Every structure is written in C-alpha cells, then in structure tokens.
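Read off the chains here:
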Amino acid sequence: SHLAFARRHWSLIQFSVIQSCARALAGLSRLNSTMRSLPTAATSAWQQAVASSRQPTLRAQARLLPRPLVPGPAQQRRCQGDDASSHAILHANVGGKVRQHSTGMLVSGTSRHASPICELPPKGSEANWVRRVASTTIPTSFGPLPMVAFQSHMGDILAVVNGIGDGHSVPVRVHDACLTGEVFGSLKCDCGQQLQMALTMQVKTKLGVVIYMPQEGRGIGLANKIAAYYMQEEHGMDTVDANLALGLPAEMRDYSVLGRVMEELGVGSVLLMTNNPFKVKELRAAGVLVAGTLPLVVAPVAASTQKYLETKRKRMQHDLPPASLAPGACPAALEGPAWDLLCSLRSEIEAHSRSAGPFTVLSFATSLDGFIADSRTTPGGEQEQCPVALSGEESMTLTHHLRGAVDAILVGVGTVLADDPLLSVRREGAGPSPQPIVLDSHLRLPPEARLLRAAVPGGRAPTVVLCVRPEDGGDAEREARAAALRSAGAVLVECSAEEGTGRVCFEDAWRQLEQLGMRSLMVEGGAEVIAALLRKRDTKLVDRLVVTQASAILGRGVSWASQSRPSLLEAHGFALGRDMILAAKF
C-alpha cells in the first residue's frame, strides 16, 4: 500500500524534495554572507567548531558550542592581542543590521537611541567623544542619589555624585555594568557586592562618585559573557581562557573619556576604589590623577565566587588575598577545640540576623595577672602604654583565623597611638584581612598611621574612623584634621556623643556600622574599649568572648579589669600551645 501511494504521488514527492533542497541552499547562502561580515577571529573560531563536528568524538560538543556573537555595546575600541588583534571592533547594535566596512570595522546600521548624538561621529571628528546630557536626583533605597548622565562613543555613562568635597582625593568607583551580578545576584562574580559596598560608603560619608560604565563582561557584551559562562561550565575554563576560546580578548574595557568626565564633575584627583591595577593604569592614561587606591575586598560567599576571585588574583594581577582554606580544612596548629570554636563562630555569624547589628566578637590576650599591655613612665612622670607580645604561636594563629572570619576589626585610638598596628591577617589560608575601624571620638588618629598608609597583601577596604558628630559644624582645627584623614583614605563616620563622657556612643556606632553593611565585627581593644563594652551588658553589643590567657606575668601594665559583672553563658576553656583559651557567650 505504501508503494502504491508513492507511485500515485511521485511527482508531488519530487517537488517537495526539490523545494526543501532549494530552501537549504538559500539558507547556506545567507549563512555564508553573514560569516563574511563577522570578524576574522570569530569566523575562524566558528568554522573550526563546525569542522570539528565531522569528528564523531567531538560531535556532541560542537553541537552545543555557542556561536561567537557580534561584539556587544562596550567594544568600541581596538582589540589588542591574540587572534582579534587585527580588528577594530565598534559598537554593534544587537538586532540591528550589521554591515562590513573596508576598515574591517563593524558598525551598527541602526541606533539604540533616538538622539542623533548616539550615531557614530562624522568622518574626521573625534573618535572618543563624550558630552553631558542631564542631571537629576533619584529616590533610592540608599536615599536620594544625585545622578549625572553622559553620552559617549561607547554608550551612556552615569555618574552618581555623593559629594566631591574640595575636589581632591575624591573616592571614586569606576564600575562596569554586570547585569547578572547586580540584578540576578550571580555568585560567579563579586560585582554586585562591590557596587553595594561603594555606594554604601559614599552615601554614609556624603563623599565620593560612582561612575557606571556600559561595559558588560569586561567589554565583550552580555550575550558573549553568557557564552563565556558556557565555556567555563562545560569545559572547565576560567574567565580568561573562556574569552580567548571565543576569539575575544580577556580585557576590552575603554576608559579613555573619563578624564573629561572627571573634569566635568569638578574632580581634580581621585582615590580609586578598586583592586585592579589595570584600571589605575588606564585612568592615568586617560588623564585622571589617581592619588591612591581604596580596595574593595568582598568575602567570597560560594565556591564559584572564590574561583573567580582566584582567577582575577593570579591571572589579572588583582590585589586580592589568596584563597581561604577549603571548608573542613584545618591547620595543624588548630586541630581540636580551637577549630571547633572557629567553625562554631562562622556558623553563628552566617545565621546572624542583619537587623540585629553586627555579630560582635570581643577578643584579646591578657597576662596571668590581668594586664593586656606593658607600661612605662615618661620623663614627664606620666604612664605610657607600650606593646608587649603575650600570645604564643598557636594562639596567634587562632587570632588571625578569627580576623579572617569577620568583616571588620575595631580598636580604640589609644591602641593605634601606642602600637601603630596593621590589624591584618598574616597566616596563610586564614582568610582576607578585615576592614579596620578606629574608635576615635576627637580625631586624634595621625594621618601617617600604618592603618592608613601601609599596603596589606591582598588589599582590604578603607579604614573607618568613628568620631563624635560636632556641634554647629565644628571648629577649623577639627575640620583640618578631618580633611587630612580623608586625604589619607580614611572614611569618617560621625556618631552621637554619649552623655556624661562626650565620647562616641557605642549603640549609635553599632547602628552606623550596620548601615555600612558590616555583618560581623571583632573588637581587639584597648583597655577602655574592652571595659566599656563589658559595661554594656544590658544592650548586648557583644555576642562572643574569646580571651587568650598567656603564660606570662607582667607585674605592671594596662589592666583590662572592669567593675561590671557580665553574665557569661556556655563558658569553657582549653589549652592551646602554651596558653589557655576562654570562650563564652554573652
């Protein structure tokens, strides 16, 4: 019956076959025309992938391999390096008609904007152009944000201006668009967290600028970034190799117009909020005076984030700390109850509610007779604190791991004046160095302090100074000290004063730290800060107590003893090296 049907309808079958072949040939003709319009590197990569599909062992892989896309809207610059070095890639409107020019450039046939200013400038005009369009203030969850919009050869640029002070050493975050991280909360990068951190700091201090650049995926565009993600997931590549496998450079961002943007905003010099030396170099090449950097170090929240940060550190020279120990990996010095304590603290920090203020660990070392530092008599007859090493090696390892587990570390200004500490993490695998906080009611912190001037391996966020909010704006001397600290990179946070003492109110300070996004905090001293927090047992500012009882007797020194009698819960102790560790909950 099938044979009889075929004989009766043979002419119809012939016509259908011929029609299908004609459609296939027309499709191949269109594909060939499109391939001629693509950059050489992208074409060769696509042709190579199609050719490899003839190999049975690679057929499935080639079928799933994403087609290299037309470079996205941040690629209006010359690609340097690798196979793409011979092509200058300009804006291409995704979905717009693309035509090939004799120069080898891709130009969008339609504009993404209604305004003619977004078309490529006429022949003979400036290649890199930018102009101010409008400014307004937008209500946001951060509060009102003043914004200035620019149009440029690479697309729209937005400046969020929280304040520029006198225009010198202005904290500036040059942030490149990351839809996946900022909108969808992707864990493959730290972009969203860095943007939140920069905005939070600048809004709080009413000083700084965020420049939002239209350069998704380090300039390769959103669709190409997703294709690169595919290469990472399916073939185990890192972010650099994935770009190269698609025929694209690892870095395509263009900051050439930022010198004119800064000039338009009235910014003379910047403290660049970045961990990336490439940005520093490119901004200086664009004519921006970069006076220094303010690191933005985000603690990784997932293994995929950690892998990305490691790639940035190792292959792109970002100033980031080495990868922390893998979960469950315990250093030999901390095996036993010390590691159990660390794991317990990390779990409590993770479960802590942000609305309750930062989870606070009060930790310090003391001698057997109750002193946390030595003292000496000055020629003027006054007692002066001087540092002394109390903890053994194992206890110091525990301290550094505690530092690596929290977002920030706080000391009083007296400790800084006496010890000039770095407050960094100096044990391999202990984690990133926390953000330093100095409790300095009346701005006695010297601008040359190591917390402000010394570089920390891996970088860290800028030092926060908690000071008393001045009445009637303060005097000229105080303003001069504040300006000097800001120029040194400090972030000043003004708090209400405590009645009777005139010093920073701890409750208000903790609220301010919560608003800065700090989820966990370690307090290391000095004596006055320790005693004050122990007296605050009713307000429960401290969650955990970890005291190192060193096997030493000083005979004299600075005592941490407090007249308060806080209630301790679940107190327990254990030996660690030559010292004893006391841990408890409040």
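Just so you know, these numbers come straight off a predicted model, no measurement behind them.

## Considering the sheet that holds strand β20 (residues 544-549)
Taken together, 9 strands build an open sheet; the order of strands is β18-β17-β16-β15-β19-β12-β20-β23-β22 and the sheet is mixed. Two strands close off the open sheet at either side, each with one partner strand: β18 (491-495) and β22 (569-576). Here the average twist between neighbouring strands, direction ignored, is 20 degrees. Packed onto the sheet, helix α16 (residues 476-487) meets β17 (464-468) and β18 and runs at close to 140 degrees relative to β18.

## Digging into the pattern of salt bridges
Overall, the coordinates contain 22 salt bridges when judged by the stated rule. With a closest N to O distance of 3.2 Å, D190 and K312 form a salt bridge. Placement of D190 in the loop between α5 (179-182) and α6 (191-205) and of K312 in helix α11 (residues 303-315) is noted, with a sequence separation of 122 residues between them. Since its relative accessible area comes to 1%, D190 is described here as buried.

## So, helix α12 (residues 337-351)
Between its first and last C-alpha, α12 extends 21 Å over 15 residues, near the 21 Å set by a 1.5 Å rise per residue. All of the buried residues in α12 are A338, W339, L341, L342, L345, E348 and I349. Residues of α12 that are buried in the fold lie against β12 (359-366), α13 (393-405), β19 (520-525), β20, β22 and β23 (579-585).

## Some thoughts on the side chain of R253
Here R253 is to be found in the loop between α8 (239-245) and α9 (258-265). At 2.8 Å, the side chain of R253 forms a polar contact with the side chain of E251.

## Some thoughts on the nonpolar core
Membership of the largest hydrophobic core comes to 35 residues, with the highest contact counts inside it found for L362, L410, I437, L466, W510 and L533. Take this core: its biggest share by element is 6 residues, from helix α18 (residues 527-535). Apart from the residues lying within four places of it in its own chain, the contact partners of L533 are L362, F506, W510, V523, L541 and V542. In terms of nonpolar packing, the next biggest core, distinct from the first, is built from 27 residues, A159, M262, L265 and F278 among them.

The rules we used
Residues numbered from 1 in each chain as written. Predicted model: local features only at pLDDT ≥ 70, side-chain atom pairs only at ≥ 80, totals over all residues. Heavy atoms only, no water. Pairing = 2+ DSSP bridges. Helix = DSSP H or I, 4+ residues; strand = E, 2+ residues; numbered from the N terminus. Axes fitted to C-alpha atoms, helices over the stretch in contact; angles between N-to-C directions. Contact = heavy atoms within 4.5 Å. Salt bridge = Lys/Arg side-chain N within 4 Å of Asp/Glu carboxyl O. Buried < 20%, exposed > 50% of the residue type's maximum accessible area, 1.4 Å probe, protein only. Expected span 1.5 Å × (residues − 1). Polar contact = N/O pair within 3.5 Å; in protein donor to acceptor, adjacent residues only side chain to side chain. Core = buried A, V, L, I, M, F, W, Y, C linked by side-chain atoms within 4.5 Å.

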